[in-house]
Amino acid sequence: MTIAVGLALVATIAQGAAGAAETSVAGQVIAWGSDYDGQSSPPDSVSSGVTQVSAGLAHGLALKDGVPIAWGNPGDDRTFVPIDLRRGGVTAISAGYKHNLAIKNGKVWSWGRFTQPGGTLAPPVETQAGVDAVSAGYLHSLALKDGKVIAWGFGSHGETDVPAEALSGVDAIAAGMYFSVALKDGEVICWGPNHFGECTIPAEARSGVTAIAAGSTFTLAIKNGRVIGWGNNNYHQLDMPIEVDDHVVAIGAGSQHSLALKDDGQVVAWWYNAQGQSTVPSVATTGVKAISAGGYFNLAIK
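This is a predicted model, so every value here is computed, not measured.

Asker: Can you help me understand the state of the cysteines in this one?
Answerer: Two cysteines joined by a covalent bond between their sulfur atoms form a disulfide. Inspection of the entire model under this criterion finds 1 disulfide. A disulfide bridge connects Cys-190 with Cys-199, and the sulfur atoms are separated by 2.0 Å. One quick way to see it: the torsion about the S-S bond of Cys-190 and Cys-199 is about -50 degrees, and its sign makes the bridge left-handed. By relative accessible area, which is 15% here, Cys-190 ends up buried.

Listed below in structure tokens is the structure:
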């Protein structure tokens, strides 16, 4: 997500290797936080039957019956879903800063800014088949294929320089603003500029981790049902509330706030709250199945 620092976004990841929040049970999309582009006003079409959500900087993405549905800021055609994807068959989605990713029949699709053929964010040939997961960041993208991380896009900060240890055996991926994160056998791997310590992995994140999320300049992980984090803490997004000490099953990292989902369906959000993104509405305190943190807003499935 996701997505961004300052004004940048970072792709957000929830759980597992899909690179987007997902659930096996369909439901309705719930949104809260900033709504200046309508990103927290989901269309009626996502009021039921949604199986995945992904929040970008100022737009939302949902998957229903294998078809991506987008809303919010329409700039750079980020809410204009390609016709071939509207025919169905999509299995994963991820919303980035000004672009989106999807997987259909193992092939990566991308739309929005810099995604046209020859564009910097156009998927490389290697992603035309066999891809299992995707994650859209600020100006770069990640894909997971047979346990190997593939990265493309703007890479001047090292975010697309995949290290050798992430070329096999990887289980999950998360694209941040100018950095990338992977999960391999319970160990977090990270690469990028590390200006805020977002890639300074603590000892406790080198084993037993079950989920990862990349924010603008900070990283979250789940270990033994507890949320841990490192990197930029200027907005206290790493000062975990007691509610996320246990029973957490999914996480989301936004621009300057954090999000967690507990096994009883309760959403917990903390700290930076200028747009209400950390004020969880009553409808999201029970029965939630999946989450995604965007720039200054959140999406959930209930």
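Still to come is the rest of the account.
Asker: When you look at the pairing of strand E21 (residues 290-293) in this model, what are you seeing that I'm missing?
Answerer: Regular strands show a simple pattern: their side chains alternate between the two faces of the sheet. A two-sided burial pattern is seen for E21, the buried positions comprising Ala-290 and Ser-292 on one face and Ile-291 and Ala-293 on the other. For E21 and strand E22 (residues 297-301), the ladder comprises 4 bridges, and the chain directions are antiparallel. Each bridged residue has a counterpart across the sheet, and for Ala-290 the counterpart in E22 is Ile-301. Two successive antiparallel strands, E21 and E22, enclose a turn made up of 3 residues.

Asker: What am I meant to see in the environment of Ser-180 here?
Answerer: Checked against the element boundaries, Ser-180 lands in strand E13 (residues 180-184). What makes Ser-180 buried here is its relative accessible area of 0%. For Ser-180 and Asp-161, which are 19 residues apart along the polypeptide, the C-alpha to C-alpha distance reads 9.1 Å. Apart from the residues lying within four places of it in its own chain, the contact partners of Ser-180 are His-140, Leu-142, Glu-159, Ala-174, Ile-189, Cys-190 and Trp-191. Here the side chain of Ser-180 touches His-140 through a polar contact of 2.9 Å, side chain to side chain.

Asker: Just to check I follow, could you spell out the sheet that holds strand E19 (residues 257-262) for this structure?
Answerer: The strands making up a sheet associate through hydrogen bonds between their backbones, and the pairing can be parallel or antiparallel. Judged by pairing direction, the sheet is antiparallel, and its 3 strands sit side by side in the order E18-E19-E20 without closing on themselves. Across the chains shown, the open sheet's two edge strands, defined by having one partner strand only, are strand E18 (248-253) and strand E20 (267-271). The average undirected angle you get between the axes of adjacent strands in this sheet is 20 degrees.

Asker: How do you make sense of the nonpolar core when you look at a structure like this?
Answerer: Residues Val-181, Val-188, Ala-205, Val-209, Ile-212 and Trp-230 are the most contacted members of the largest nonpolar core, which totals 16 residues. Contributing elements (two or more residues each) for this core: strand E12 (170-175), E13, strand E14 (187-191), strand E15 (209-214) and strand E17 (226-231). Considering every element that reaches this core, the biggest residue donor is E15, with 3 residues. Excluding residues that lie within four positions of it along the chain, Val-181 makes contacts with Leu-142, Ala-172, Ile-173, Ala-174, Val-188, Ile-189, Cys-190, Trp-191, Ile-212, Ala-214 and Thr-219. Counting residues in each nonpolar core, the second largest holds 14 residues, with Leu-220, Ile-222, Leu-238 and Val-244 among its members.

Asker: I keep staring at the packing of aromatic side chains and nothing clicks. Help me out?
Answerer: What characterises a pair of aromatic rings is the spacing of the ring centres plus the angle enclosed by the ring planes. Throughout the structure, instances matching the rule amount to 5 aromatic pairs. A centroid spacing of 4.4 Å and a plane angle of 45 degrees characterise the contact between Tyr-97 and Tyr-138, whose relative ring orientation is tilted. Here Tyr-97, found in the loop between strand E6 (90-95) and strand E7 (99-104), pairs with Tyr-138, found in the loop between strand E9 (131-136) and strand E10 (140-145); they are 41 residues apart in sequence, far enough to count as distant. A residue is classified by how much of its surface remains accessible, and Tyr-97, at 11% relative accessible area, is buried. The lysine or arginine in question, Arg-86, covers the ring of Phe-80, its NZ or CZ lying 4.8 Å from the ring centre. Across from the ring centre of Trp-109, 4.7 Å away, lies the NZ or CZ of Lys-107, which sits over that ring.

Cut-offs and rules
Residues numbered from 1 in each chain as written. Predicted model: local features only at pLDDT ≥ 70, side-chain atom pairs only at ≥ 80, totals over all residues. Heavy atoms only, no water. Disulfide = S-S within 2.5 Å. Buried < 20%, exposed > 50% of the residue type's maximum accessible area, 1.4 Å probe, protein only. Helix = DSSP H or I, 4+ residues; strand = E, 2+ residues; numbered from the N terminus. Pairing = 2+ DSSP bridges. Contact = heavy atoms within 4.5 Å. Polar contact = N/O pair within 3.5 Å; in protein donor to acceptor, adjacent residues only side chain to side chain. Axes fitted to C-alpha atoms, helices over the stretch in contact; angles between N-to-C directions. Core = buried A, V, L, I, M, F, W, Y, C linked by side-chain atoms within 4.5 Å. Phe/Tyr/Trp six-rings, centres within 6.5 Å; stacked < 30°, edge-to-face > 60°. Lys NZ or Arg CZ within 6 Å of the ring centre and 35° of its normal.

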